[in-house]
Amino acid sequence: MILKALIGEFEHEVESTRKLLQAVPQKDLTYKPSPISWTMGQLAQHIATIYYWYVGTLTQDVYDIDADTNLIRGDWNDIAATLRLFEQNVEKAREALKSITEEDMQQPWTMMQGGRAVLGPMPRGIVARGFLFNHIYHHRGELVVHLRATGNKVPGMYGPTYEDSQASKQNN
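In short, a report on the structure.

Rules used in this analysis
Residue numbers restart at each chain and count upward from 1, following the sequence in its written direction. Owing to the predicted nature of the model, reporting of local features is limited to residues with pLDDT of at least 70; listing and counting of side-chain atom pairs is limited to 80 or more, with chain, interface and lining totals taken over all residues. For the side-chain quantities, the full set of heavy atoms in the structure was used; hydrogens and water were omitted. Helix axes are fitted to C-alpha atoms over the stretch in contact, other axes to C-alpha atoms as well, and angles between N-to-C directions run from 0 to 180 degrees. In DSSP terms, a helix is any run of H or I states spanning at least four residues, a strand is any run of E spanning at least two, and both are numbered starting from the N terminus. The labels follow the angle: roughly parallel below 35 degrees, roughly antiparallel above 145, roughly perpendicular from 65 to 115, and oblique for the rest. Whether two residues are in contact is decided by their heavy atoms, any of which lying within 4.5 Å being enough. For this scheme, ten residues count as nonpolar: Ala, Val, Leu, Ile, Met, Phe, Trp, Tyr, Cys and Pro. Four count as charged, namely Asp, Glu, Lys and Arg, and the remainder, Gly too, count as polar. To qualify as a nonpolar core, a set must consist of buried Ala, Val, Leu, Ile, Met, Phe, Trp, Tyr and Cys residues joined through side-chain atoms within 4.5 Å. Buried residues are those whose accessible area, probed at 1.4 Å on protein chains only, stays under 20% of the maximum for their type, while exposed residues exceed 50% and partly exposed ones sit between those limits. Planes of paired rings set the category: under 30 degrees apart is stacked, over 60 is edge-to-face and the rest tilted, where pairs are Phe, Tyr or Trp rings (Trp by its six-membered ring) whose centres lie within 6.5 Å. Each reported salt bridge corresponds to a side-chain nitrogen of Lys or Arg within 4 Å of a carboxyl oxygen of Asp or Glu. One fewer than the residue count of a helix, multiplied by 1.5 Å, yields its expected span. Here a cavity means grid points, on a 1 Å grid over the protein atoms only, where a 1.4 Å probe fits yet cannot get out; a pocket means an open set of points with protein on both sides within 12 Å along at least five of seven lines; lining residues are those with an atom within 4 Å of a point. Grid points are joined across faces, edges and corners, and a volume is the space filled by probe spheres set on the points.

Where helix α1 (residues 2–22) meets helix α3 (residues 79–99), the axes come as close as 11 Å, and the angle between the chain directions of the two elements is 175°. Compared by their axis directions, α1 and α3 come out roughly antiparallel. Side by side, α1 and α3 meet where L3, I7, F10, E11, V14, T17, R18, L21 and Q22 of the first sit next to I79, L83, F86, E87, V90, A93, R94 and L97 of the second. Grouping the constituent residues of the contact of α1 with α3 by class yields 11 nonpolar, two polar and four charged.

Here you go:
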């Protein structure tokens, strides 16, 4: 039951993420709102990369992100390359989601980096929801701010955007 709901949410949110990444213009990839922030390109690339993490989270009990030779981060200076990476990683994430069971979601999971545990151990289902899904949502919110700060249109992901609603009021 929970797994079916997660798969449904995943499919819905992939569409929202796709719309957002498609809204990122090549010309603004180097924009960053502060010296400690990621550029728009780095943020878009990171979002695309997180989708690959579903594979390690859902198919391994211990995922060593540094040892994963299949993890590709791509070129954050090329939005077309980031979009291709996103689509490839979504397909891998989809396959991983379809390969697990409700019982698998209860099993303990740990992420390692640099020889130490950086997340977990905790049930895989909590990791999927809290680390994968919410992590993407968090960075999508940052990307929305980057787009607005550079004067770019933000796509509606949960209905009309503020700009859409204002335009609608002006047309009435």
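The rest of the description comes next.
What follows deals with the nonpolar core. If you look at soluble globular proteins, the nonpolar side chains tend to sit buried side by side. Judged by nonpolar contacts, the single largest core of 45 residues is most densely connected at F10, Y51, W53, Y54, L58, Y63 and L143. Taken together, the elements giving at least two residues each to this core come down to α1, α2 (40–59), α3, β2 (108–113) and α5 (124–149). Among all residues touching L58, those that are not within four sequence positions of it are A96, L97, I100, M105, R124 and A128.

Let's shift gears to the packing of aromatic side chains. Scanning the model with the defined rule gives seven aromatic pairs in all. With centroids separated by 5.9 Å and ring planes inclined at 10°, the aromatic side chains of Y51 and Y54 adopt a geometry described as stacked. Here Y51 pairs with Y54, and both are found in helix α2, just three residues apart, close to one helical turn. The residues Y51 and Y54 share a single accessibility class, namely buried. Measuring from centroid to centroid gives 5.3 Å for Y51 and F86, while their planes differ by 85°, and the two rings are edge-to-face. Here Y51 is found in helix α2, whereas its partner F86 is found in helix α3, with 35 residues between them in sequence.

Opposite charge on two side chains permits pairing when their charged atoms draw close. Scanning the entire structure with this criterion turns up 10 salt bridges. Across the salt bridge formed by R129 and E9, the nearest N and O atoms sit 3.1 Å from each other. Taken together, the residues span a long stretch of sequence, with R129 in helix α5 and E9 in helix α1 at a distance of 120 residues. The exposure class of R129 is partly exposed, given its relative accessible area of 31%. In this structure, E15 engages R18 in a salt bridge whose closest nitrogen and oxygen atoms are separated by 2.6 Å.

Let us now look at α1. Taking 1.5 Å of rise per residue, 21 residues should cover 30 Å, and α1 covers 30 Å from first to last C-alpha, within 8% of that figure. Of the residues making up α1, those classed as buried are L3, L6, F10, E13, V14, S16, T17, R18, L20 and L21. Elements in contact with the buried residues of α1: α2, α3, α4 (102–106) and α5.

For the structure shown, the criterion picks out two cavities of 30 Å³ or more. Within this model, the largest cavity holds a volume of roughly 40 Å³. Every residue lining the largest cavity is listed: F10, E13, V14, Y51, Y54, F133, I136 and Y137. Among the elements of the structure, α1, α2 and α5 are those that each provide at least two residues to the lining of the largest cavity. Among the residues forming the lining of the largest cavity, the class breakdown is seven nonpolar, no polar and one charged. When its volume is computed, the second largest cavity comes out at roughly 30 Å³. In this structure, the second largest cavity is lined by Y52, N70, L71, I72, L85, N89 and K92. Considering only residue class, the lining of the second largest cavity consists of four nonpolar, two polar and one charged.

Spatial relationships are all this shows, so hold off on functional conclusions.
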